[in-house]
Amino acid sequence: MDDQLNTTEENSLPKAAFIVGMGRSGTTLLTNMLNSHPEIIATPENEFMLFSYSTFFNKNFSITSNTKAFVDMCSYNFSNIVSIWKPSVELSADINNLKEKSYANVCKLVYLNYPLANKNKITAKYVVDKNPIYSLHIPKLNRVYPDAKYIVLIRDFRDNTVSRKKYGKTNESIFKLAASWNYFYEKIFADISKYHTSHMILRYEDLANDPEQALNKICLHLGISYSESMLHFKDLISKTREHAKQNLSNEVYQKITEMHSNLDKEVNTNRINAYEKELSTEEILILNCCCEKLGKQFNYLSPDEPTAYKLSWKLKYFVAKSKVILYYRLKNIYYRLPVKLRLAFLKKQ
């Protein structure tokens, strides 16, 4: 990124796209693939837009204090997810040079100044943000970027459960894991229908089975040329890990390495249908029962496949779904609080 971005020209800024879907569905893999495209800057998880939205959406970034507060916020790792995100020192200068200092344009500059992009930000045609929690906030994203494009990544609910049990909160019940999977995709499809967003749906299994075809479809969706460099994403992962090793504690670095260990390997189908060996028969039956509707819609269950049914399962699922909905509604209230208040709270933790 040697050349200075000319932010005085409105058309110099790239378009925005978002990868949404339940966590542990291959979103990190897809992000790394897309970031290996010469015209895309795809960034790792960081909630900066959602975190800043309530306070900064209507701010005037011509006022120096507003820009400083925003840049300071971006430099703080406020996400519970381990992040190696830290905007480059050029961010403030690029904001100051903006012709149209809207919140949407300022956020694009944060993406463009992601330090591990390893490409000239002038040539970027798209910035792509991957964040599972954004799946529940498409109305906000749509308000910021009405013309944004979405990639909905979906993975077999049973394999997703295996991965979340292994790397997430292991004390969550099978019913809560099913409820959250359903809730995420029900919310995504309701919102993309309501706001008529430009979107495509991609199954993780299709990406793993034929990555070239899947990536071609994504490029067609975005309106850019396909690049074979997306299949050689491991070079990018090596650079990212080296940055993490130099800038984070050994404990955090080891956690990142463990969470994304499969990214060291070539794209393969080894984890497809892993649930058959790693879940009990009863767990599989429960998941099939709870996720039947979307499971059949996306061909994870055959349309005429009978599923086991127990009233006790439905009751436990109802309770779990109620808890999931309550949790995310409370979290939505949290995101509405002023940034200063939330940062003060987090810094005390």
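Residues numbered from 1 in each chain as written. Predicted model: local features only at pLDDT ≥ 70, side-chain atom pairs only at ≥ 80, totals over all residues. Heavy atoms only, no water.

**Q** Explanation requested: unusual backbone geometry in the structure shown.
**A** Among all residues except glycine, the phi angle is most often negative; among peptide bonds, the trans geometry is most common. One non-glycine residue, R24, lies in the positive phi region at around 65°. Position of R24 among the secondary structure elements: in the loop between β1 (15-20) and α1 (27-35). Look at H196: it is not a glycine, yet its phi comes out positive at around 55°. (Helix = DSSP H or I, 4+ residues; strand = E, 2+ residues; numbered from the N terminus.)

**Q** Looking at this model, I keep getting lost on helix α17 (residues 339-347). Mind explaining?
**A** Every α-helix winds through 3.6 residues per turn, so residues three or four apart in the chain are directed the same way. Taken together, the buried positions of α17 are occupied by V339, R342, L343 and L346. One side of α17 holds all its buried residues, which, seen down the axis, span an arc of 100°. Structurally, α17 contributes buried residues whose contacts are with α2 (48-56), α3 (64-74) and α16 (311-336). (Buried < 20%, exposed > 50% of the residue type's maximum accessible area, 1.4 Å probe, protein only. Arc of directions from axis to C-beta. Contact = heavy atoms within 4.5 Å.)

**Q** Hey, could you run me through the pairing of strand β3 (residues 126-130) in this one?
**A** Successive side chains on a regular strand alternate, one facing one side of the sheet and the next facing the other. Burial of β3 is extensive: 5 of the 5 residues sit out of reach of the surface. Taking every second residue as pointing to the same face, both faces of β3 are buried, with Y126, V128 and K130 on one and V127 and D129 on the other. Two strands pair when backbone bridges link them, and β1 and β3 are joined in this way by 5 bridges, in the parallel orientation. Paired with K15 across the strands is Y126, a residue of β3. Pairing geometry for strand β2 (residues 40-43) and β3, over 4 bridges, is parallel. Note on β3: the bridge partner recorded for I41 is V127. (Pairing = 2+ DSSP bridges.)

**Q** I'm lost on the packing of α2 against helix α5 (residues 103-112) in this one. Help?
**A** Geometry of a packed helix pair, given as the angle between the helix axes and the separation of the axes. Packing of α2 against α5 leaves a shortest axis separation of 12 Å and a crossing angle of 150°. Between α2 and α5, the angle is such that the two are roughly antiparallel. For the pair α2 and α5, the sense of crossing is right-handed. Judged by residue contacts, F48, M49, S52, Y53 and F56 of α2 engage Y103, C107, V110 and Y111 from α5. Of the residues belonging to the contact of α2 with α5, the class tally is 8 nonpolar, 1 polar and no charged. (Axes fitted to C-alpha atoms, helices over the stretch in contact; angles between N-to-C directions. Parallel < 35°, antiparallel > 145°, perpendicular 65-115°, else oblique. Left-handed = near helix turned anticlockwise from the far one by under 90°. Nonpolar A, V, L, I, M, F, W, Y, C, P; charged D, E, K, R; others polar.)

**Q** Help me out: how do you make sense of the packing of aromatic side chains in this one?
**A** For any two aromatic rings, the description comes down to two numbers: the centre-to-centre distance and the angle of the planes. Per the stated rule, a full pass over the model turns up 19 aromatic pairs. Each ring, one from F18 and one from Y134, has its centre 6.3 Å from the other, and the planes form 70°; the classification is edge-to-face. Of this pair, F18 sits in strand β1 while Y134 is found in the loop between β3 and α6 (138-144), placing the two residues 116 residues apart along the sequence. Neither F18 nor Y134 differs from the other in exposure class; each is buried. Seen from their ring centres, F18 and Y145 are 6.2 Å apart, and the 40° between their planes marks the pair as tilted. Here F18, found in strand β1, pairs with Y145, found in the loop between α6 and β4 (149-154); they are 127 residues apart in sequence, far enough to count as distant. By relative accessible area, Y145 is classed as buried at 6%. Grouped by ring-pair contacts, the aromatic residues F48, F56, F61, F70 and Y111 constitute a single cluster. When the ring centre of Y204 is taken as reference, the NZ or CZ atom of R155 above it lies at 4.8 Å. Between R342 and the ring centre of F51, over which it is positioned, the NZ or CZ distance is 4.5 Å. (Phe/Tyr/Trp six-rings, centres within 6.5 Å; stacked < 30°, edge-to-face > 60°. Lys NZ or Arg CZ within 6 Å of the ring centre and 35° of its normal.)

**Q** Where do I start with the pattern of salt bridges in this structure?
**A** Once the charged atoms of two side chains with opposite charge are near each other, the side chains can pair. All chains considered together, the criterion is met by 12 salt bridges. Where K125 meets E39, a salt bridge forms, and the shortest distance between an N and an O atom there is 3.5 Å. On the criterion of sequence distance, the pair formed by K125 in the loop between α5 and β3 and E39 in the loop between α1 and β2 is long-range, its members being 86 residues apart. A salt bridge links D191 to K187; the nearest nitrogen and oxygen atoms lie 2.6 Å apart. Separated by 4 residues within a single helix, D191 and K187 lie in helix α8 (residues 174-194), roughly one turn from each other. On the accessibility criterion, D191 (7% relative accessible area) is buried. Using a relative accessible area of 22% as the deciding quantity, one classes K187 as partly exposed. Taken together, the salt bridges that share partners define one network made up of E90, D94 and K121. (Salt bridge = Lys/Arg side-chain N within 4 Å of Asp/Glu carboxyl O.)

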